[in-house]
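Chain by chain, the residues:
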Amino acid sequence: MWDGPGPAVPSPPVDRTTFRLVMIGLALLLGAVAALGFALNPSGERVELPPPLISVEPAPEEAVLPQIGLVVELDNRYRIELTVDGRPVPDGELRFDDASGVYAWEPGPGRTLEAWAPGEHRVAITWDRIVGLPDPGTFAWTFRVQ
């Protein structure tokens, strides 16, 4: 007949060496993750965009995957002309949301670029106000495709 949990089983002693090795391993892993983050964003500083630009994607000097498209957001009272790697992009290839002022473009079959090649790419935009007094401007940046 069983009358209880049985003899007490002693817990194993705490091995301080194993504990220290685990903690050192975790610290090294954390350091590697931080180094990778800095390697993919070397400047660590955000580029100041001239008005009327609100944002550009990919960001200047950013490293991206080949599936990326370009997104330019600016005041919706402006229009842009886009140049990618020295090639003007026809207006018919640009998608524009006039409510938000967002222009989008991506490479594809029959377009200015079929696909992003690995390496650095240069994007330039020129803008001007659609109505009212002219307010032209330009901005150019580069990014890297992995």
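Residues numbered from 1 in each chain as written. Predicted model: local features only at pLDDT ≥ 70, side-chain atom pairs only at ≥ 80, totals over all residues. Heavy atoms only, no water.

Draft legend 1. Region of the structure containing the sheet that holds strand β9 (residues 137-145). Reading across the sheet, the 5 strands line up as β2-β9-β8-β4-β5 and stay open at both edges, with mixed pairing between neighbours. Among the strands making up the open sheet, the edge pair consists of β2 (63-64) and β5 (87-88). Pairing of β2 with β9, which is carried by 2 bridges, proceeds in the parallel orientation. Along β9, the bridge assignment pairs A63 with R144. (Pairing = 2+ DSSP bridges. Helix = DSSP H or I, 4+ residues; strand = E, 2+ residues; numbered from the N terminus.)

Draft legend 2. Geometry of the pairing of strand β7 (residues 102-105). Alignment of strand β3 (residues 70-74) against β7, held across 4 bridges, turns out to be antiparallel. Bridging from a neighbouring strand, V72 pairs with Y103 of β7. Two strands pair when backbone bridges link them, and strand β6 (residues 95-97) and β7 are joined in this way by 3 bridges, in the antiparallel orientation. Following the sheet pairing, D97 is matched in β7 by V102. In textbook terms, the turn of a hairpin is the stretch between consecutive antiparallel strands, and for β6 and β7 this stretch comprises 4 residues, one of which, G101, has a positive phi near 75°.

Draft legend 3. Quick peek at the nonpolar core. Core analysis: the biggest nonpolar cluster contains 24 residues, and L53, V72, L82, W105 and I125 have the highest contact counts within it. Listing elements by their share of this core, those giving two or more residues are β1 (53-57), β3, β4 (78-84), β7, β8 (119-129) and β9. (Core = buried A, V, L, I, M, F, W, Y, C linked by side-chain atoms within 4.5 Å. Buried < 20%, exposed > 50% of the residue type's maximum accessible area, 1.4 Å probe, protein only.)

Draft legend 4. Just the sheet that holds β7, in detail. Ordered by their spatial adjacency, 4 strands build an open sheet running β1-β3-β7-β6, and the pairing between neighbours is antiparallel. Looking at the sheet topology across the chains shown, the edges are occupied by β1 and β6. Across the sheet, the axes of successive neighbouring strands diverge by a mean angle of 10°, strand direction being ignored. (Axes fitted to C-alpha atoms, helices over the stretch in contact; angles between N-to-C directions.)

Draft legend 5. Summary view of the packing of aromatic side chains. Counted according to the given criterion, the structure contains 4 aromatic pairs. On the numbers, 5.8 Å between centres and 85° between planes, the contact of W105 with W116 is edge-to-face. Here W105 is found in strand β7, whereas its partner W116 is found in the loop between β7 and β8, with 11 residues between them in sequence. Neither residue differs from the other here; W105 and W116 are each classed as buried. A ring pair is formed by W116 and F143, whose centres lie 5.2 Å apart and whose planes are at 85°; its orientation type is edge-to-face. (Phe/Tyr/Trp six-rings, centres within 6.5 Å; stacked < 30°, edge-to-face > 60°.)

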